[in-house]
Structures are given as C-alpha cells and as structure tokens.
Amino acid sequence: MKLSYNWLKDYLKCDLTPQQVADAMTAIGIEVDGVEEQEQIPGGLAGVVVARVLTCEPHPDSDHLHVTTVDAGSGEPLTVVCGAPNVAAGQKVLFAQIGTVLPGDFKIKKSKIRGVESMGMICAEDELGIGDSHEGIMVLPEDAVVGTPAKEYLHLGSEAVIEYEITANRIDAASHWGVARDLYAWLRLNGQPCELVRPDVDEFREGEGEGISVEVLDSDGAPRYTGITVRGVKVGPSPEWLQKRLMGIGLRPINNIVDISNFVLFELGQPLHTFDAAKIGGHVVVRRAAEGELIRTLDGVERKLSSLDMVIADERVPMCIAGVFGGEDSGVTDGTTDVFVESAYFDPASIRRTSKRTGLQTDASFRYERGADPEIPIYALKRAVNLILACAGGRVEGKIRECCPKPFERKQIELDYARIEAFAGHPIGFATIESILESLGYVFLEKHPGGSRVAAPSYMVDVYRECDVVEEILRIYGYNNIPLPQHMKMSVGATPKPDPEAVRNAVSNWLAANGFVEIMNNSLTKGEYYAGLKTFPAERCATIVNPLSQDLNVMRQTLILGGLEVIAYNLNRQISSMRTFEYGSVYSRLPEKSAETLDGYEEHTCFTLMLTGTPEKSWRAEPAKSNYFQLKGYVELLLRRYGADLQQMWTDAAPADLFSEGMVYRLPGKGRTLVTLGTVNPALARKFGIKQPVFAAEIEWPALFELVRRDKVSFSELPKFPSVRRDLALLLDEQVSYAELRAAAFKQAKKLLRQVGLFDVYRGDKIPAGKKQYALSFLIQDQERTLTDQDTERVMERLLTTFQKDFGAQLR
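Note that the structure is predicted; figures quoted are calculated from it, not measured.

Caption draft 1: Broad picture of the sheet that holds strand 42 (residues 810-811). Within the open sheet, the four strands sit side by side as 40-41-39-42. Their pairing is antiparallel. Each edge of the open sheet is held by one strand with a lone partner, namely strand 40 (753-762) and strand 42. Judged from the two bridges that link them, strand 39 (residues 724-733) and strand 42 form a sheet pairing that is antiparallel. Paired with Leu 730 across the bridge in strand 42 is Leu 811. Against the sheet, helix 19 (residues 738-748) engages strand 39, strand 40 and strand 41 (771-780), with an angle of about 155° to strand 40. Together, strand 39, strand 41 and strand 42 form the strand contacts of helix 20 (residues 789-807), whose direction differs from that of strand 39 by roughly 15°.

In structure tokens form, the structure reads like this:
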C-alpha cells in the first residue's frame, strides 16, 4: 500500500520527516518497504513550457490541420502543425519542445506532417496527464508568462510516498487515519509533541423527505448496513486538492462522486459504494443471491452468482456484489443527478468466500474480508456526504437508513499488569501500560490496584484476550526497548538415534555432490493436475475450503507434479538440462474415514529425484543424455548406502498413469513401498508443456528411514574363494520383464548366486515380432570351496530350465 506523507499530516500534526515516519512505522509493527519522492506527474512535464501562438493558417494539404508559428521564449519562432479545432493566433498554450517525454512514454520528435516540418506539439489536457479532455488544446489565461516551465505554472509538486505492507492482523493500518492513530500513540509515549486531528463531520445534517428505504433480509451476512440519499448532485471533475490526494497514492481520478468514495476508503479504511438513485427500482434490498442469478459487473463481465453470495439489490435485480464489486447497470455516470450512498459492515467470512470464488480482489473486499471496523459506517457515511455536498452540490433527502438488529459490543478484557510485565520480561510500568492503552483507544471500564478491565477498540478485530493486549502494548512500547537478559536458560533434549535431520542432510549432501540441485515447492497445488490419475486420484486430494486461487486449491499428493512444474518453468527459460531433488510432505484423504475430522487425512514425507536433458558439451568427453538407467543407478547407490539388500527387495512395475516404464521397490515382508521410479509418462509431461523425456523417482521417507534404523554396520571377511561369471542370451516375449527373470533366478539358486545383471537388450533384425533379446550375466560363488566347472554348469542348467519353463525363453 501507499501512504502519502502530506495526506498523513492532515491528521497527525508532528515534526517527523518522511524517513522518520517510516522508521516509526517499522518500530510499531508496520512493515515499510521504502520511501520515495514521487512527482505529481511522472517526469514533471520537463520540456513543456508556456508559449504564444503567433500565427495560425490552414494546412495547404489538409482540411483539418493548421500550420502555426509559436514563441516558446527561446528566440526564433517555431513552426508547429496542430490538429486541434480550437487553436488560434494570440493564444497562450502549453508547448512540448523536441525531446520532451510526455506521460505514457510519448517522446516528442521533429517530424514532417503532410509535407510541413513540425518542431514540437501544442498540448491538450489528457496529453499532459492533468485531465481527461481531448476536445482541443489547453488555452491559458492571458497573464501566463511565455517561457515559464509547465511544472512551475501548474504548481506541480512532489511529495514523499511511503510504501508499506499490510499483514493479515493489521487491517486497522490500511488507511491514513489508521496509521496516524498508531503513530500518535508512539509519539505520545516517546514524549514528542503531536496532535491527532480527526476529520470533522459536525456539519452533517439529515434532510427532509423520506429518501430511498433499505430492507436487510440477511443480517448474518450484513450485520450493519447504512445508507442515505443525496439529490441534485452534479457529476464532474474533482477539485484539484482531491485529485492530487488520489494521484499521490497512484489512483486515477474518475469523477467527483467516485473519487470521494475512494478518498474516504483510503482516509478512514471504510469501503463505500455509491449508486445512481434513478436506477434503483423501489427500495434497496440486502440479501443472498439466488443460485445462478446473473449480474453484469463494472468490468463488463456477466457473472453467475451463488446462493452464498451477498448482493445489494433493488426490488427486481441485483445491483452489486456486496463488499466486492459494483454492478454496471447501477453505477454513477456523467448524467447522474441523484445518488444513494452505502456504508456497511459485512460478514468477513462471507466476503472472503465470494471474493475467492469469483476471483475478484478489490480494495473493498481486501478490507471487508479481514474485518472492517463495525462502529465506523455512520461516521464514514457522514464524511462522504459532507464531501459530496462540497464537491458536487446537491441536498440530503431523508434520514440515514440503518439496519443493525444486534448492536456491536466491544470486547471486554481483564488485565493484570504484573502478569503483563512478566509476559513481556521487563518492568514496563503500570502508568505506561495505561497511557499506551488510552492512546490506542481502549476504554477503561474499571480500574483496581495492579490491573483493570478494559473495552478493546472496535477497529482491533483480533484482540480477544490479555495476551492480545500485551502484543499491542509491546508494539507501541517497542520491542527494541526490552533488554536481553544476562543469563539465558534453555533445556537440551536428547537427540534420537538415528537423527532424522542428520540423515536428511546426509542424503541431501550426497545428492548435491552428484550434481543435483535442491528445489522447494508450495504444498498447495492445482487440483486439475490430479484429474484422470489413478495412482493419486482427485477424490483423495485434501481440498482447501477457501483457496487463495484455483491454482492453489488442494494439498499435493506427490512431489513429482511440482517437480514437473519446475522443469517446465526452466525449459521456458532455455535451461534444458536439470537434475533436481526435493524433500517435503505429501497429503491425502483416507477413503475409509470421515473427511470432517483430522483422522480422515494422512501425511508423510518423501524425497523426489528428477533428471532430464543432456548436460553441456565438454572438450573431454561427449555428454550422455539423461536416461532411466542413470536415475536407477543413483537410486540404487543411495539405497545401498543405507543398507538396502536389493536382491531381497520385492519389485513391481511402476504405475502406468505416471510412468511409461519403470519399477517399484518394496520392502520385503509387508511389501511397503520404498521407491517408485521410471520415465514420466509423456502424456502427463505434455500437460506441463514438456516435450523431452523426464525421469523421476519418489522415495518414501518413512520406509527409507526404516532401512536406516535397521542398518547395522558389521564386518565380514573378503571371500576366500573365486567367483565365476556366466552369460546367457535369451529370446523372450516383450511382456517378460528383467525384474521377473532376476527374482526367478535368485529363487532357484539363492545359495550360490550372488549377482544378476542385464548388459544388453536387442530388438530388430532377425528378432521375431513381439520378441526381444536379453543378455544376462550371473555371478556364482561358494563361500566354503572353489566351484568346479560341473558345479557351475549345473547351476546354469537349472536357471535356463526355469527361464524356459516359466517364461518360454529360448537360448540364443
């Protein structure tokens, strides 16, 4: 948000400089991004001067252009071609010289227009950024001095603007008055002279007649609704002071009625809405929308409403989405003469739900959904009406219409000053505590020795308990004023063995040493990613009730999809070769339990490795493309590092919806999944805009850590007897996998067989259709004696017989 220093000083009379104001805001818990000196019009109209039109003749080759000579105070007259219908000799005008950059980054250059050279431009209001009119050039009074810079003539100044952030719990600081109120308490505490001046509304008077009546049908959605009718207004440009205030914080003036609503919003933090009274059919009705009801909003979009949305309607149709966005058909136009001004307090949850569902994030919804001040609507309404009468004329008709069935009561809190000081860890002083609370607007209902009972200000929507009050006290007192104790006390917990964090760091370091880069994604992701997946079905997603956006509406079930997002992001920036890993939690809904309870969800952590692309070329060697077996090698090295016996692992094919080829390692016994790896299904990759192969492995952290706990490092002697290697070339059906052959081999010869390897796969010439050739290696060894050729041949015969019988293999 932007805070105008000059605007702030309308309410806070003090001697602080803009930088000192920013420092004070930081001290009281308002996060300041920076202070900048901002020109009223960007560039300050440098190069634009007051000039006199000396001559004006019709262009010889145009029926609407004029050829003029202009005295800009620089000596020789300049020839300028002008298309404005009102240009005439003898006028004083604002003239942009060659090289001037006008608002909109429009640079004035010497040019030839219909054969006549033009040495600059005579400007209209909108070209200078000081108005909207483009009917003709801006004609100045006769007393304007030729050669005067436009910045000086128009009194264009600059002012300090403070950029700051609003956290969810500080919506009370989302206005100039809110910041002034906090700074006043801080200045008083620090003994600096200051005065807090609240805008005066004593001049407000209700009018005669009835005005437009109001009916609230759903007081839960609109606990307080107020409005008033003003007749006979004249819609037009806002006065200069109002335009400067809005432009100073980056808002574009529209007209006096709309500008006043925006002014009050940023002055007091209370959203307002102004309707064209002539477009209201009957009276104002505040209600829930009918399911599927339509409304065309100010942006020209026709929107379908939900039965949970609050609307402001007349007796026929909705006029606006309450607290979120106005309607096109009821808005103020240049022809408006009567208006109905609304100031309300809407239920924050209702506004938040509507804003998120429709995707409409407005200044009004930003404040309402975080909690507006329920006591301020009538005051803000009076302030707006006074400004309308001053800037647009008119008269008030009838009384303020208010619907508030249940009056708001301030939260009452019992305070124990000694407990507050103990909580703060520093003797603040009872008198200081009361002074801070009084400055912030707390009302003391009862005082007693060592404490009091107070009513919290209505603008502090998150203050309920004593600890909340302590936070407000310390914010103004200053956390930097709490001294650090000389002695620190701490308790040391026993570190579990093995330490999960140490194992995680060791794995991360090993992966980083092998060229992988760690990534980190949001746990929230897009629900559309899970549409059509069987391994991670959409119905098992943990859905967010009020998502920030539809791109962040579910909790992730796997890290692989987030990794694909990262790869797609980098591919779009010409980074085609990547090795990434990520550690994080995944979440899913359990089908057998209620989703309404925490027991209905499951959470655990995973490691994910991803490879894609070809590394950059090197003079030493030709780089190899990333492939499935490269990834498999990294995974198996990691598993062996923590004691995994891959020969004892159960294996399955990887799920086809995620991988076009791959495998699953399971722990022996219960078959718990340890790793799923393979080539990401191209159809899935294309959903992310990825066309090159991607290889991924997801390691279940609880299963891996179970391996770590089991792993007992022990010593064994090196084998005393030699091993024997034998190879087999087998012709097999395409559906037979290496994993099946390997498992069958160990089952048949588990006493002597030490290793099985696949060193060649062949498909093509001289191989029948639907067949493939595997070349397998077998390492055979006896721990007690040297094997003879006959021993080795018997083992190989049993293996071949098994392959032929179980898989229909043929020896090549």
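The rest of the description comes next.
Caption draft 2: Looking closely at the side chain of Glu 342. The topology assignment puts Glu 342 in strand 25 (residues 339-345). Look at Glu 342: it is buried, it has no salt bridge, and the nearest opposite charge is Arg 287 at 12 Å. For Glu 342, the residues in contact, after removing those within four places along its chain, are Tyr 225, Thr 226, Gly 227, Pro 271, Leu 272, His 273, Phe 275, Ile 312 and Leu 381.

Caption draft 3: Representation of helix 7 (residues 256-268). The end-to-end C-alpha separation of helix 7 is 18 Å, in line with the 18 Å expected for 13 residues at 1.5 Å each. A distance of 3.1 Å separates the backbone nitrogen of Ile 257 from a side-chain oxygen at the start of helix 7, and that oxygen is part of Asn 255. Count one or two residues on from helix 7 and you reach Gly 269, which has phi positive near 85°.

Caption draft 4: How the structure looks around the pairing of strand 25. With seven of seven residues buried, strand 25 lies mostly within the body of the structure. Residues Val 339, Val 341, Ser 343 and Tyr 345 line one face of strand 25 and the alternating positions Phe 340, Glu 342 and Ala 344 line the opposite face, and both faces are buried. Sheet topology places strand 17 (residues 224-231) next to strand 25; seven bridges connect them, and they run antiparallel. Its bridge partner lying in strand 25, Gly 227 is registered against Glu 342. Two strands pair when backbone bridges link them, and strand 18 (residues 272-276) and strand 25 are joined in this way by five bridges, in the antiparallel orientation. Across the sheet, residue Leu 272 finds its bridge partner in strand 25, namely Ser 343.

Caption draft 5: Structural context of unusual backbone geometry. With a phi close to 55°, Leu 45 is a non-glycine residue in the positive phi region. Mapped onto the elements, Leu 45 comes out in the loop between strand 3 (31-39) and strand 4 (48-58). Residue Gln 574 is not a glycine yet carries a positive backbone phi of 60°. Examined against the element boundaries, Gln 574 turns out to sit in the loop between helix 15 (560-571) and strand 33 (578-589). When its relative accessible area of 71% is taken as the criterion, Gln 574 is described as exposed.

Caption draft 6: Region of the structure containing the pattern of salt bridges. According to the stated counting rule, one finds 41 salt bridges in the structure shown. Close ionic contact of Arg 231 with Glu 397 constitutes a salt bridge, the shortest N to O distance being 3.0 Å. Of this pair, Arg 231 sits in strand 17 while Glu 397 sits in strand 26 (residues 395-403), and the two are 166 residues apart along the sequence. Judged by relative accessible area, Arg 231 falls into the partly exposed class, the value being 22%. Across the salt bridge formed by Arg 785 and Asp 791, the nearest N and O atoms sit 2.8 Å from each other. Of the residues examined, Arg 785 reaches a relative accessible area of 40% and is grouped as partly exposed. Overlapping salt bridges bring together Arg 170, Asp 172, Asp 182, Glu 472 and Arg 475 as one network.

Caption draft 7: Just the sheet that holds strand 24 (residues 325-326), in detail. Strand order in the open sheet made by the five strands is 16-19-22-23-24, with mixed pairing throughout. Two strands close off the open sheet at either side, each with one partner strand: strand 16 (214-216) and strand 24. Strand direction decides the pairing type here: strand 19 (residues 284-288) and strand 22 (residues 310-313), joined by four bridges, are antiparallel. Counted as the bridge partner of Val 285 is Ala 313 from strand 22.

Caption draft 8: Focus on the nonpolar core. Of all hydrophobic cores here, the largest spans 85 residues; its most connected members are Met 25, Val 179, Leu 183, Val 264 and Tyr 442. A total of 10 residues in this core trace back to one element, the largest contributor, which is helix 10 (residues 377-392). In contact with Tyr 442, not counting residues within four places along its chain, are Leu 437, Val 454, Ala 455, Ala 456, Pro 457, Met 460, Val 463, Val 469 and Glu 472.

Caption draft 9: Here's a closer look at the packing of helix 5 (residues 176-189) against helix 13 (residues 466-477). Relative to each other, helix 5 and helix 13 sit at 65°, their axes nearing to 9 Å. Residue-level contacts link Asp 182, Ala 185, Trp 186 and Leu 189 of helix 5 to Arg 475, Ile 476 and Tyr 477 of helix 13. Its residues placed into classes, the contact of helix 5 with helix 13 shows five nonpolar, no polar and two charged.

Caption draft 10: Molecular detail of helix 6 (residues 240-248). Those residues of helix 6 that fall on the buried side of the exposure criterion are Leu 242, Gln 243, Arg 245, Leu 246 and Gly 248. Looking at the buried residues of helix 6, the elements they touch are helix 1 (5-8), strand 3, strand 14 (158-165) and helix 7. Gly 250 lies just past helix 6 and shows a positive phi near 90°.

Caption draft 11: Geometry of the pairing of strand 27 (residues 412-416). Where burial is concerned, the two faces of strand 27 differ: the one with Ile 413 and Leu 415 is buried and the one with Gln 412, Glu 414 and Asp 416 is not. The sheet contact formed by strand 27 and strand 29 (residues 451-455) spans five bridges and is antiparallel. Looking at the pairing, Leu 415 lines up with Ser 452 of strand 29.

Rules of the game
Residues numbered from 1 in each chain as written. Predicted model: local features only at pLDDT ≥ 70, side-chain atom pairs only at ≥ 80, totals over all residues. Heavy atoms only, no water. Pairing = 2+ DSSP bridges. Helix = DSSP H or I, 4+ residues; strand = E, 2+ residues; numbered from the N terminus. Contact = heavy atoms within 4.5 Å. Axes fitted to C-alpha atoms, helices over the stretch in contact; angles between N-to-C directions. Buried < 20%, exposed > 50% of the residue type's maximum accessible area, 1.4 Å probe, protein only. Lys, Arg positive; Asp, Glu negative; His and termini not counted. Salt bridge = Lys/Arg side-chain N within 4 Å of Asp/Glu carboxyl O. Expected span 1.5 Å × (residues − 1). Polar contact = N/O pair within 3.5 Å; in protein donor to acceptor, adjacent residues only side chain to side chain. Core = buried A, V, L, I, M, F, W, Y, C linked by side-chain atoms within 4.5 Å. Nonpolar A, V, L, I, M, F, W, Y, C, P; charged D, E, K, R; others polar.

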